[in-house]
Amino acid sequence: MKDYTASPDLLKDRVILVTGAGDGIGRAASKAYAAHGATVILLGRTTRKLENVYDEITQASHPEPAIYPMNLEGASPKDYEDLANTLEKEFGKLDGLLHNASLLGTLTPIEHYDIELWHKIMQVNVNAPFMLTRACLGLLKKSADASIIFTTSSVGRQGRAYWGGYSVSKFANEGFMQILADELENTSIRVNSLNPKATRTKMRAMAYPGENPNTLPTADEIMPVYLYLMGSDSKEVNGQALDAR
Ligand SMILES: NC(=O)c1ccc[n+]([C@@H]2O[C@H](COP(=O)([O-])OP(=O)(O)OC[C@H]3O[C@@H](n4cnc5c(N)ncnc54)[C@H](OP(=O)(O)O)[C@@H]3O)[C@@H](O)[C@H]2O)c1
């Protein structure tokens, strides 16, 4: 799949929501989806970063995206309902949902893990994707071919010392993906998880401060799988835990 080449109009006329769209992998995915014809809803907590991505997309003459500033840490169920209602009004459907935003927290032994931080991580990485998915399912059902992608991690498939709340949250994402994929089998919505693996972003640098970032692929370089899973070439793929490379 890492050698997958997307057709230029793979995502033409599709409406795709990306969380954490302002930076790192979410920024790269938003630009890649727009470059293949999608109207992208850029959701994130830092408006300035979302505006920069908006500018990059429009300057490249790709379909005009929409900016939706939202901090997943403090968002309430009503905020998700408001978002879904806005999308319904503006677009009438949703063809793709990339759950990408997440909080790393700290690398700390469980015995000393900060309880408040644990709750924050669960709110952003687990509860937010649940509430967002729940609110958007009606809109996704209006698409002839919809894809939901959960961004996971190697530590969401095999536990590792000190990765604490982040690791547990990624295990939860994998489980949530499996439940949803099973529930939606035989519908037009497919659900999969994707592990980007080590990628040159701020989060990676935070987790591995001693690492030379230039040894890692950039977010742009791992986009083939993100495109594959979002477009119709993956129509039959459901309930799978995949790697970006
Ligand atoms: N990079 C890797 O090596 C790697 C490896 C495995 C898995 N992953 C996963 O890949 C995904 C993307 O990570 P990344 O490396 O691209 O990280 P990143 O560069 O830190 O980007 C994360 C994005 O999520 C946004 N975000 C964080 N908390 C948020 C909140 N409360 N509300 C709304 N948006 C929020 C950030 O917003 P701000 O820009 O405002 O901070 C940022 O745009 C994550 O799910 C991560 O766990 C990454």
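Bear in mind the structure is a predicted one, so any value in this text is a computation, not a measurement.

This part covers the overall build of the protein chain. Summing up its helical and strand segments, the protein chain has seven helices and seven strands in all. The C-alpha radius of gyration computed for the protein chain amounts to 17 Å, which stays within 12% of the reference 18 Å derived for 245 residues, consistent with globular compactness. The proportion of buried residues among the 245 residues of the protein chain is 50%. For the protein chain, restricting intrachain contacts to residue pairs at least 6 apart in sequence, the fraction spanning at least 24 positions comes to 73%. Here the protein chain has roughly 11500 Å² of accessible surface; of this, 50% comes from carbon and sulfur atoms. Between the averaged position of the 25 positive side-chain charges in the protein chain and that of its 29 negative side-chain charges there is a distance of 3 Å.

It is a probe the size of a water molecule, rolled over the atoms, that shows where empty space is left. Approximately 1000 Å³ is the volume found for the largest pocket. Lining the largest pocket are 45 residues, and of these Asn 100, Ala 101, Ser 102, Thr 201 and Met 203 sit closest to its centre. Secondary structure elements with two or more residues in the lining of the largest pocket: helix 1 (24-35), strand 2 (39-44), helix 2 (47-59), helix 5 (164-183) and helix 6 (202-207). No other element matches helix 6, which puts five residues into the lining of the largest pocket.

We now examine the packing of aromatic side chains. Under the defined criterion, the tally for this structure stands at six aromatic pairs. Between the aromatic rings of Tyr 113 and Trp 118, the centroid separation amounts to 5.5 Å while the plane-to-plane angle is 90°, which identifies the pairing as edge-to-face. Ring pairing ties together the aromatic residues Phe 130, Phe 150 and Phe 176, which thus form one cluster. Lying across the ring of Tyr 208, Arg 204 places its NZ or CZ 3.7 Å from the centre.

This paragraph deals with the sheet that holds strand 7 (residues 241-243). Across the sheet, seven strands lie side by side as 3-2-1-4-5-6-7; this open sheet has parallel pairing. Edge positions in the sheet fall to strand 3 (66-69) and strand 7, since each of these pairs with one other strand and no more. Put simply, the sheet's adjacent strands are angled 20° from each other on average, direction ignored. The pairing of strand 2 with strand 3 spans four bridges and is parallel. From the neighbouring strand, Leu 42 faces strand 3, where its bridge partner is Ile 67. Taken strand by strand, helix 5 contacts strand 5 (146-151), strand 6 (189-195) and strand 7, and its axis lies near 160° from that of strand 5.

Around the ligand, the structure places 30 residues, and the nearest of them are Thr 46, Lys 49, Asn 100, Tyr 166 and Thr 201. Within the side chain of Asn 71, one N or O atom sits 2.9 Å away from a nitrogen atom of the ligand. Relative to its free-state accessible area of 890 Å², the ligand is covered by the protein chains to the extent of 93%. Its atoms largely coinciding with the cavity grid, the ligand occupies the largest pocket. For the shell around the ligand, the elements supplying multiple residues, two or more each, are helix 1, helix 5 and helix 6.

Parameters and conventions
Residues numbered from 1 in each chain as written. Predicted model: local features only at pLDDT ≥ 70, side-chain atom pairs only at ≥ 80, totals over all residues. Heavy atoms only, no water. Helix = DSSP H or I, 4+ residues; strand = E, 2+ residues; numbered from the N terminus. Rg over C-alpha atoms; globule rule 2.2 N^0.38 Å. Buried < 20%, exposed > 50% of the residue type's maximum accessible area, 1.4 Å probe, protein only. Contact = heavy atoms within 4.5 Å. Areas by Shrake-Rupley, 256 points an atom, 1.4 Å probe, with all protein chains shown as cover. Lys, Arg positive; Asp, Glu negative; His and termini not counted. Charge placed at Lys NZ, Arg CZ, Asp CG, Glu CD. 1 Å grid on protein atoms, 1.4 Å probe; cavity = no way out; pocket = protein on both sides within 12 Å on 5 of 7 lines; lining within 4 Å. Points joined across faces, edges and corners; volume = space filled by probe spheres on them. Phe/Tyr/Trp six-rings, centres within 6.5 Å; stacked < 30°, edge-to-face > 60°. Lys NZ or Arg CZ within 6 Å of the ring centre and 35° of its normal. Pairing = 2+ DSSP bridges. Axes fitted to C-alpha atoms, helices over the stretch in contact; angles between N-to-C directions. Near = heavy atom within 4 Å. Polar contact = N/O pair within 3.5 Å; in protein donor to acceptor, adjacent residues only side chain to side chain. Sits in = over half its atoms within 2 Å of the grid points.

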